[in-house]
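Each chain, written out:
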Amino acid sequence: IEGITPLRKEQPCAWLSIMYGCNNYCSYCIVPYVRGRERSRDPKLILSELDTLVSEGYKDITLLVQNVNSYGNDTGDIDFSELLKRADSIEGDFRLRFMTSHPKDASRKLFDVMANSRHICRSVHLPVQSGSDRILKLMNRKYDAEKYCELIDYARSVMPDITITSDVIVGFPGETEDDYNKTIELLNKVRFDSLFTFIYSKRPGTKAALMEDATTPQEKQIRFDKLLEVQNQISRSINETYLNRKVRVLIDGKSEDPNYDFKGRTNGFKLVHIKNDRLKTGDFADVTIDRVSTWALFGR
Ligand code: SF4
């Protein structure tokens, strides 16, 4: 409801909704049925809310919607790249993120805006879901693996340091060994920083819920475990490239690791545990990385 300021309890991170609903009807997803059609918020209200957040001291602000790249389609007003450009022109010491992007709509223009920005993090979450064109079609995703890889190549050509994360669904109805192997191939080709992986689960009321599914839960679990193994190796080897490097981290709280004092995120949203008890939440700190794991970086 416009005109009511959201109650935010903790700094330094904030979510800022820019739009509601989704028009995409991916065949496995219930969101369009429960959240309704896309409704973009007025860009003036979004920018004014962002301006207020920055002046209140928020330092890591995420523009949030199911598919950022549809922003403005329903109103004919400015598109998402333009909204990002205007958001980036706000003065202050803050980082700007957005999620989620849909590969069918993410564009070179979007990556160009990111590359030329002051505040937008060099980080993108671009859910691929599968490496098989046949499964992508059944999922109603409206892109293929080639188009997806071209987008990634372009993003890396203009931002070589960009971190890329994604979502993958294993065991979508009708997924064969060959389809699954194409997903593994894509993982090895793209080399995501990290991946959110899911075993397909039926959502009643969606198209996929009516599709025939001959793969057993045991087979799906085996595929899922192997996929995690592949991704974990990739994540770890990417994290190893951070050893002995200095990264800027926004401190967002106490570390849960008893050997470290604080934790925070890099520009690319990598989790960092830090030894230094003089820091405080909301500080930016330059951290030298001296240890890595699959999931995090550690330093002082
Ligand atoms: Fe929309 Fe995302 Fe659901 Fe697809 S997966 S229908 S883009 S919310």
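Look a little higher up for the structure.
Starting from 1, residues in each chain are numbered consecutively following that chain's sequence as written. The predicted origin of the model limits local features to residues at a pLDDT of at least 70 and limits the giving and counting of side-chain atom pairs to 80 or more, whereas totals for whole chains, interfaces and linings rest on all residues. With hydrogens and water stripped out, all remaining heavy atoms of the structure feed into the side-chain values.

J.: Can you walk me through the packing of helix α6 (residues 145-158) against helix α7 (residues 177-190) in this structure?
T.: Each pair of packed helices can be described by the angle between their axes along with the distance between the axes. Close contact between α6 and α7 brings their axes to 11 Å; oriented N to C, the two are set at 10°. By the criterion of interaxial angle, the relationship of α6 to α7 is roughly parallel. Across the interface between the two elements, Ala145, Tyr148, Cys149, Ile152 and Arg156 of α6 pack against Leu186, Lys189 and Val190 of α7. Throughout, the ten residues Ala, Val, Leu, Ile, Met, Phe, Trp, Tyr, Cys and Pro are labelled nonpolar, Asp, Glu, Lys and Arg are labelled charged, and all others, Gly among them, are labelled polar. Class assignment of the residues belonging to the contact of α6 with α7 gives a composition of six nonpolar, no polar and two charged. In this description, a line fitted to the C-alpha atoms serves as the axis of each element, helices being fitted only across the stretch in contact, and the angle between N-to-C directions of two axes falls anywhere from 0 to 180 degrees. Starting at the N terminus, helices and strands are each numbered in turn, a helix being any DSSP run of H or I of at least four residues and a strand any DSSP run of E of at least two. In what follows, roughly perpendicular refers to angles from 65 to 115 degrees, roughly parallel to angles under 35, roughly antiparallel to angles over 145, and oblique to any angle outside these ranges. Residue contacts are counted whenever heavy atoms from the two residues lie within 4.5 Å of one another.

J.: Where do I start with the pattern of salt bridges in this structure?
T.: Here, a salt bridge means any side-chain nitrogen of Lys or Arg that lies within 4 Å of a carboxyl oxygen of Asp or Glu. Taken as a whole and assessed by the stated rule, the structure comprises 19 salt bridges. The salt bridge involving Glu82 is made with Arg86; its shortest N-O contact spans 3.0 Å. On the criterion of helical spacing, the pair formed by Glu82 and Arg86 is a turn pair, its members being four residues apart in helix α3 (residues 80-88). Since its relative accessible area comes to 24%, Glu82 is described here as partly exposed. Here the term buried applies to any residue with accessible area under 20% of the maximum for its type, exposed to any over 50%, and partly exposed to those in between, with areas from a 1.4 Å probe on protein chains only. Using a relative accessible area of 38% as the deciding quantity, one classes Arg86 as partly exposed. For Arg236, the salt bridge goes to Glu240, with nearest N and O atoms at 3.2 Å. Of this pair, Arg236 and Glu240 both sit in helix α8 (residues 217-240), four residues apart, roughly one helical turn. Within the structure, one salt-bridge network assembled from shared partners comprises Glu2, Arg8, Arg41 and Glu49.

J.: Sorry, what's going on with the packing of aromatic side chains here?
T.: Each aromatic ring pair is characterised by the separation of its centres together with the angle its planes make. When the centres of two rings from Phe, Tyr and Trp lie within 6.5 Å, Trp using its six-membered ring, the rings pair. Their planes under 30 degrees apart give stacked, over 60 give edge-to-face, and anything left gives tilted. According to the stated counting rule, one finds seven aromatic pairs in the structure shown. Ring geometry for Phe80 against Phe98: centres 5.2 Å apart, planes inclined by 70°, an arrangement best described as edge-to-face. Of this pair, Phe80 sits in helix α3 while Phe98 sits in strand β5 (residues 95-99), and the two are 18 residues apart along the sequence. No difference in accessibility class separates Phe80 from Phe98, as the two residues are buried. Ring geometry for Phe172 against Tyr200: centres 5.5 Å apart, planes inclined by 70°, an arrangement best described as edge-to-face. Of the two residues, Phe172 is situated in the loop between β7 (163-170) and α7 and Tyr200 in the loop between β8 (194-199) and α8; the sequence distance between them amounts to 28 residues. The same class applies to Phe172 and to Tyr200, which are both buried. Feature note: the residues Tyr28, Phe172 and Tyr200 constitute an aromatic cluster, connected by ring pairs. Geometry around Phe269 places Arg265 over its ring, the cationic atom sitting 4.1 Å from the centre. It is Arg291 that lies over the ring of Phe298; its NZ or CZ is 4.0 Å from the centre. Note on criteria: charge over ring means Lys NZ or Arg CZ within 6 Å of the ring centre, with the direction from the centre no more than 35 degrees off the ring normal.

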